[in-house]
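Read off the chains here:
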Amino acid sequence: MKDDPGYYDYWPYSNRPKITWPNGAKLAFWVAPNIEFYELNPPKNPSRAAWPHPYPAVPGYSIRDYGNRVGHMRQMKLLDKYAIRGSISLSTALCTHHPEIIEMCRERDWEFFTHGIYNTRYTYGMTEAQERAMILESMETIERAVGKLPAGYLAPALSHSEVTIDLFAELGGTYTCDLFHDDQPTPVHVRSGRRFVSVPYSLELNDTIVYVVNKIEPRRYGRMIKDSFDRLYAEGSTSGTVMCIPTHNYQVSCPHRLSAFEEALEYITGHPDVWVTTGREIADYYLAHHYDAALADIKSGRKA
Amino acid sequence: MSTQSVTSPHPPVDDGYLDYPARRYGMDHDRYAWSMLTDRKPVVWPDGKKLAVWVNLSLEHFPLNPSGKPVKLPGGMSMPYPDLRHYTLRDYGNRVGVYRLLEAFDKAGVRPTLAINALLVERYPQLAGLIRERSNDVIAHSWSMDTAHAGGLDEVAEAELIKRSIDTLTKAFGKTPSGWLSPGKLESPNTPDLIKAAGIEYFCDWVNDDMPYVFQTKHGDLTAMPLSTEFEDRFVVVDNFQSEQSWAEQVMDACDLLLAEANEQGGRILSIPLHAWVMGQPHRIKHVEAALAYVMSKPGVWNASAGEICAAWRGQQTDDANINA
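Residues numbered from 1 in each chain as written. Chains lettered and ligands numbered in written order. Predicted model: local features only at pLDDT ≥ 70, side-chain atom pairs only at ≥ 80, totals over all residues. Heavy atoms only, no water.

Engineer: Give me the environment of Val295 of chain B: which residues, what numbers.
Structural biologist: Counting through the fold element by element, Val295 of chain B comes out in helix 9 (residues 285-296). Between the C-alpha atom of Val295 of chain B and that of Met252 of chain B, which follows or precedes it by 43 residues, the distance is 6.7 Å. (Helix = DSSP H or I, 4+ residues; strand = E, 2+ residues; numbered from the N terminus.)

Here is the structure:
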């Protein structure tokens, strides 16, 4: 085991080369709905149990199913209302289980990135070849469903190996959502030396982390989103920032939670200098316009 | 396959871990059909009401010496025996909290549905007598909060447990309960089959929908009724440490959203799950009163019992395609 993942170098937030987003926007805003399938009876992974209860784990399974049966349509309607194209973190088995959802997202030109095959299949214990096969199958499933290979990866249930990001880059991916080290995109070292970036996804504003782990009230979550936006928008005058709200239809779309989220979306999209976009568009734009300057600045080892 | 990454601390998984035998259209099991809420025939409640409000009060008994088998249930004893602290605080709900809540319901004009551990009516016949007089709808809630229906429970023992619970409630209230709620919403692989065989018509364990749907068992269909966990009092206030006031706001926000959705998409259900030992506390009751007053003041609200809502829904599922959807 390593004492540092080795994916990026230390790089002070102050005095970085200025990022500008399209049309002079200060902040790139993206919403990443996780559209997931959890299995009722997944095979055991020796390093992590899928469910806290013996089979059938009704409480855990059924609330996640709520996301697909009920929650998806609620969130999609809201994103339509604010002209936001979702960037879907997809358990790709959902293409087979619930193709209706895939079709609705495809019609809206939402982005699909891979989140593995099932959110109950962990990377732990896979050989490199197994992990490569799993990631590749998930990418090909997306390509078959929507006609385009995914550019981004968020490992299933945030389960990683030491080579997860290397493998994804070798399979043709361009960005990862698995690193939480920055509020701007950054170059990522991958062993193939390919041009590959991290696009800020957020754990702090991830509804499942907020509601399940940190046990935060819905209205406070709405305020946290707005506060986060205010600061990143202000800092975006100095150099463009990225704000992501990762969501789960089984959390944010519950009837007692959606209105706080809606208020926050209304607030953010009501500001002029916001680039409402997708993860892939942020990665592509950054790679084309800012990646090289960032790399040179990091290499220079300049003073903070 | 290549060799294990040399520095992985994890035991290997075999290639079967990359097989997906249940990857098929719909669900990965045969209990119910895949169906999105918005694809179903709109439901109309009696008198053209929009939102059915189901106030569900759980009356529970937590034994001082739980077996914890096959699993421990949330809210049970957690200190070394004898855990007087948790035993008595739970029992408070049945001595004090329940009366405070029933008064609040009466004041708000709310008819609650009561989910009752059968052991409770044996232990507290005075409480059982009052409930019988009030003739509120009763849901069978197993025997106690130490009888988890979970994987590992023997099928014959579970059948006996279900029968004993239903028989005891039937005797106490002169009426066989038609609804079931498993403690902690846990189930064994056999629970739906066994409760259906015992005469249950609807159950409230699966939190995957905001409306009823058809759930298949070996002995015919059950109706799955939507009893929320996500804004249940115990979950919000006890497990998540959120304030009473926030709980009330969450109920109000849910009410507003579901009413708006009902106006566009057809009848919806707002379940308000309460526990006597949680919301029956003196510092919490006013928030229950505020939430109920808010909900009941909304035009289009139909306060009904779980059984009445279930019956009204079933009455509209005439189309086989829809009932199986």
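Engineer: Provide a residue-level description of the side chain of Arg16 of chain A, including the pertinent values.
Structural biologist: Residues and elements named next belong to chain A. Within the secondary structure, Arg16 sits in the segment before strand 1 (27-35). By relative accessible area, Arg16 is classed as buried at 9%. For Arg16, the side chain forms a polar contact with the main-chain oxygen of Pro12, separated by 2.9 Å. For Arg16, the residues in contact, after removing those within four places along its chain, are Trp11, Asp182, Gln184, Asp297 and Arg302. (Buried < 20%, exposed > 50% of the residue type's maximum accessible area, 1.4 Å probe, protein only. Polar contact = N/O pair within 3.5 Å; in protein donor to acceptor, adjacent residues only side chain to side chain. Contact = heavy atoms within 4.5 Å.)

Engineer: If you had to explain the interface of chain B and chain A to someone new, which residues and values would you point to?
Structural biologist: When the parts of a complex come together, some accessible area is lost, and that lost area is often used as the size of the interface. Listed as interface residues are 68 residues of chain B and, on the opposing side, 66 residues of chain A. Across the chain B/chain A interface, buried area totals approximately 5600 Å², and carbon plus sulfur atoms make up 57% of it. By the criterion of area lost to chain A, the three top residues of chain B are Tyr17, Arg23 and Glu230 of chain B, representing 13% of everything that side buries. Counting the contacts that link chain B with chain A gives eight salt bridges. Between Arg69 of chain A and Asp209 of chain B there is a salt bridge, with its nearest N and O atoms 2.8 Å apart. There are 31 residue pairs in polar contact (both at pLDDT 80 or more) connecting chain B and chain A. Where the side of chain B that touches chain A is concerned, the elements lending two or more residues are helix 6 (233-239) and helix 7 (244-265) of chain B. Residues that form the side of chain B that touches chain A fall into these classes: 30 nonpolar, 20 polar and 18 charged. (Buried area = accessible area lost by both parts, 1.4 Å probe. Salt bridge = Lys/Arg side-chain N within 4 Å of Asp/Glu carboxyl O. Nonpolar A, V, L, I, M, F, W, Y, C, P; charged D, E, K, R; others polar.)

Engineer: Report on helix 3 (residues 99-107) of chain A, specifying residues and quantitative values.
Structural biologist: Since one α-helical turn is 3.6 residues long, residues separated by three or four positions face the same way. All names here are of chain A. Regarding helix 3, the residues found buried are Ile101, Ile102, Met104 and Cys105. Buried residues of helix 3, viewed axially, fall in a sector of 165 degrees; they line one side. Where the residues of helix 3 are buried, they touch strand 1, helix 1 (58-81), strand 2 (87-90), helix 2 (94-97), strand 3 (111-114) and helix 4 (128-146). After helix 3 finishes, the residue Asp109 shows a positive phi value of roughly 60 degrees. (Arc of directions from axis to C-beta.)

Engineer: With reference to specific residues and values, describe helix 9 of chain B.
Structural biologist: Residues and elements named next belong to chain B. Compared with the 16 Å implied by 1.5 Å per residue over twelve residues, the 16 Å span of helix 9 between its first and last C-alpha is a close match. Within helix 9, the full set of buried residues consists of Ile285, His287, Val288, Ala291, Leu292 and Val295. Viewed along the axis of helix 9, the buried residues span an arc of 160 degrees, placing them on a single side of the element. Where the residues of helix 9 are buried, they touch strand 1 (51-59), helix 1 (84-108), helix 7, strand 8 (268-275), helix 8 (276-279) and strand 9 (301-303). (Expected span 1.5 Å × (residues − 1).)

Engineer: Go over the pairing of strand 2 of chain A, please, and point to the residues and values.
Structural biologist: Residue and element names in this part refer to chain A. On strand 2, burial covers both faces: Ser87 and Ser89 on one face and Ile88 and Leu90 on the other are all buried. Where the polypeptide runs from strand 1 across helix 1 and back to strand 2, its parallel neighbour, the crossover connection is right-handed. Inspection of the sheet shows strand 2 paired to strand 3 by four bridges, in the parallel sense. Across the sheet, the residue bridging to Ile88 is Phe112, located in strand 3. (Right-handed = clockwise from strand over helix to strand, strands pointing away. Pairing = 2+ DSSP bridges.)

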